[in-house]
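Breakdown of the fold
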Amino acid sequence: MRIVVLPGDGIGPEIAAATSNVLRAASERFQLNVQTEEHAVGHASLEQFGSTVRPGLLEIVRAADGLILGPAATFDFKDEQSGEINPSKYFRKNLDLFANVRPARTYPGLPNRLGAFDLVVVRENTEGFYADRNMEQGNSELLVTPDVVISLRRITRHCCERIAQAACQLAMKRRKHLTIVHKANVLKIGDGMFLDICREAARAYPGLVVDDILVDAMMAHVVRQPDRFDVIVATNMFGDILSDLTAELSGSLGLGGSLNVGTKHAMAQAAHGSAPDIAGRDVANPFSLILSTALLLAWHGERSGAARYESAARAIEHAVETAIKSGRATKDVGGTLGTAATGQAIVDILQADAA
């Protein structure tokens, strides 16, 4: 398996280094023959090549079996014509990574006021309220006058159908419960179509229990009783907000694994930002990118039929659980270690479990 690693900005290089260390250990234990190649993206690429995503990088990624993208300083990148491209948006759009899969679960040993839960948010990833990716060219946020802005949302039947299918298929592998999150009482046409398509897709899966909740009410329900949910499907922005909330409810946004999936490609990506205020201090939690990489391995294993990749993914997830339970983690999840030492702790656990 050949994986391209793009460390990104801020804490990106630190958590990417810890993740690559874990990936090497998993590859050795499970004989995965993972080969990685690293390329600059974000500010480092802008300085070196005049673009945050240099020409030719997309072809390199397309030829690989997977992509690991560290966090990028996306708020800094405002002018694509000057090479300031949002790397996350760029790869999601150009690789057609239409599903963002965001698991959230609690961990033994990590205090949680809401009780144990294990759920997954499946978020449509290519349209919705995201104005920077809705048009073939340009941006769908329009400055009509100096005092008037119009932001256009795009909802298509094609994108609704494929995210609905992805969510239903995942729910059938889990506890067979799908929750559709929407705002069809106000966005009657767009969210109405999304809701209808999700319901229609679910009818093809016998035994799948389906309910739907308005997005504002969902924020209350998921805080009140997160254990009632299994797989949640939502449009782009609603899913983005909800998945950050569920990750934080699990104990930390730093535990939020995230996999962007398309028909042919997948991209592991930390759920959080580049956190420039703590960059270079060896305090960032690497678990989000490590867990995202486990999701990437599992995706490759399922796609290729090679079960050892899925075994490696489960071993990494178990190692993270063991590290948290034993306090071998960063401060935000109850530990005392730095970024590099936390990554090494996962390596040590993987090696010890193999002995």
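If you're wondering where the values come from, they're calculated on a predicted model, not measured in any experiment.

The next thing to look at is the overall build of the protein. Across its full length, the protein carries 11 helices and 12 strands. Over its C-alpha atoms the protein spans a radius of gyration of 20 Å, differing by no more than 12% from the 20 Å that the globule rule assigns to 355 residues. Viewed in the frame of its principal axes, the protein has a C-alpha envelope of about 55 × 50 × 40 Å. For the protein, the residues scored as buried account for 53% of the 355 residues in total. Pairs at least 24 residues apart make up 74% of the contacts formed inside the protein by residues separated by at least 6 positions. For the protein, the exposed surface amounts to about 15400 Å²; the carbon and sulfur share of it is 52%.

On the secondary structure map, R162 appears in helix α5 (residues 157-173). Within polar-contact distance, the side chain of R162 engages the side chain of D96 at 2.8 Å. Leaving out residues up to four positions away in the same chain, R162 has contacts with D96, F98 and T126.

Okay, the sheet that holds strand β8 (residues 177-182) next. Taken in spatial order, the 10 strands make up an open sheet running β2-β1-β3-β12-β11-β4-β5-β10-β8-β9, and their pairing is mixed. On the outer flanks of this sheet lie β2 (35-38) and β9 (209-214), each paired with one strand and no other. Averaged over all adjacent pairs, the angle separating strand axes in this sheet is 25 degrees, with direction ignored. Here strand β5 (residues 118-124) pairs with strand β10 (residues 231-234) via four bridges, running parallel. Following the sheet pairing, R123 is matched in β10 by A234.

Nonpolar side chains collect at one region of the surface, where L142, V144, V148, I150 and L152 lie side by side and expose about 380 Å² of accessible area between them. For the nonpolar patch, the elements supplying multiple residues, two or more each, are β6 (141-145) and β7 (148-151). Among the structural elements, L142 can be located in strand β6. The class for L142 is partly exposed, based on a relative accessible area of 39%.

It is worth spelling out helix α8 (residues 236-249) at this point. Over its 14 residues, α8 runs 20 Å from end to end, which matches the ideal 20 Å to within 8%, given 1.5 Å per residue. Residues of α8 that are buried: N236, F238, G239, L242, S243, T246, A247 and L249. Looking straight down α8, one finds that the buried residues subtend no more than 155 degrees of arc, so they occupy a single side. Lining the buried residues of α8 we find β4 (99-105), β5, β8, α6 (190-202), α7 (215-224) and β10.

Before going further, it helps to spend a moment on the pairing of β7. Strand direction decides the pairing type here: β6 and β7, joined by four bridges, are antiparallel. Pairing of T145 across the sheet is with V148, part of β7. What sits between β6 and β7 in their antiparallel hairpin is a turn of two residues.

Residues A266 and A268 of strand β12 (residues 266-269) are buried on one face, and the alternating residues M267 and Q269, pointing to the opposite face, are buried as well. Where strand β3 (residues 66-69) lies against β12, three bridges are found, and the strand directions are parallel. Note on β12: the bridge partner recorded for L67 is M267. For strand β11 (residues 259-261) and β12, the ladder comprises three bridges, and the chain directions are antiparallel. Residue pairing for β12: V261 is matched across the bridge by A266. Hairpin remark: β11 followed by β12, antiparallel, with four residues in the connecting loop.

So, on to unusual backbone geometry. One non-glycine residue, N33, adopts positive backbone phi at about 55 degrees. As for its position among the elements, N33 is in the loop between α1 (12-30) and β2. The backbone of A275 shows a phi angle near 45 degrees, a positive value even though the residue is not glycine. Topologically, A275 is positioned in the loop between β12 and α9 (287-304).

Let us look at the packing of α5 against α6. At their nearest, the axes of α5 and α6 sit 9 Å apart, and the two run at 40 degrees to each other. When the axis of α5 is compared with that of α6, the two are oblique. Taken as a pair, α5 and α6 cross one another with a handedness that is right-handed. The segment α5 lies against α6, with R157, C160, E161, I163, A164, Q165 and C168 engaging M193, F194, I197, C198, A201 and A202. When its residues are assigned to classes, the contact of α5 with α6 shows 10 nonpolar, one polar and two charged.

Another point: the nonpolar core. Counting residues in each nonpolar core, the largest one holds 73 residues, and the members touching the most others are F287, L296, L297, I346 and L350. Here L297 is in contact with M1, L23, L32, Y309, E310, A312, A313 and I316, once residues within four sequence places are set aside. Counting 16 residues, the second-largest nonpolar core is a separate cluster that includes L6, L57, V61 and I85.

Parameters and conventions
- Residues numbered from 1 in each chain as written.
- Predicted model: local features only at pLDDT ≥ 70, side-chain atom pairs only at ≥ 80, totals over all residues.
- Heavy atoms only, no water.
- Helix = DSSP H or I, 4+ residues; strand = E, 2+ residues; numbered from the N terminus.
- Rg over C-alpha atoms; globule rule 2.2 N^0.38 Å.
- Buried < 20%, exposed > 50% of the residue type's maximum accessible area, 1.4 Å probe, protein only.
- Contact = heavy atoms within 4.5 Å.
- Areas by Shrake-Rupley, 256 points an atom, 1.4 Å probe, with all protein chains shown as cover.
- Polar contact = N/O pair within 3.5 Å; in protein donor to acceptor, adjacent residues only side chain to side chain.
- Pairing = 2+ DSSP bridges.
- Axes fitted to C-alpha atoms, helices over the stretch in contact; angles between N-to-C directions.
- Patch = residues over 30% accessible without salt bridge, like charges linked within 9 Å, V, L, I, M, F, W, Y side chains within 5 Å.
- Salt bridge = Lys/Arg side-chain N within 4 Å of Asp/Glu carboxyl O.
- Expected span 1.5 Å × (residues − 1).
- Arc of directions from axis to C-beta.
- Parallel < 35°, antiparallel > 145°, perpendicular 65-115°, else oblique.
- Left-handed = near helix turned anticlockwise from the far one by under 90°.
- Nonpolar A, V, L, I, M, F, W, Y, C, P; charged D, E, K, R; others polar.
- Core = buried A, V, L, I, M, F, W, Y, C linked by side-chain atoms within 4.5 Å.

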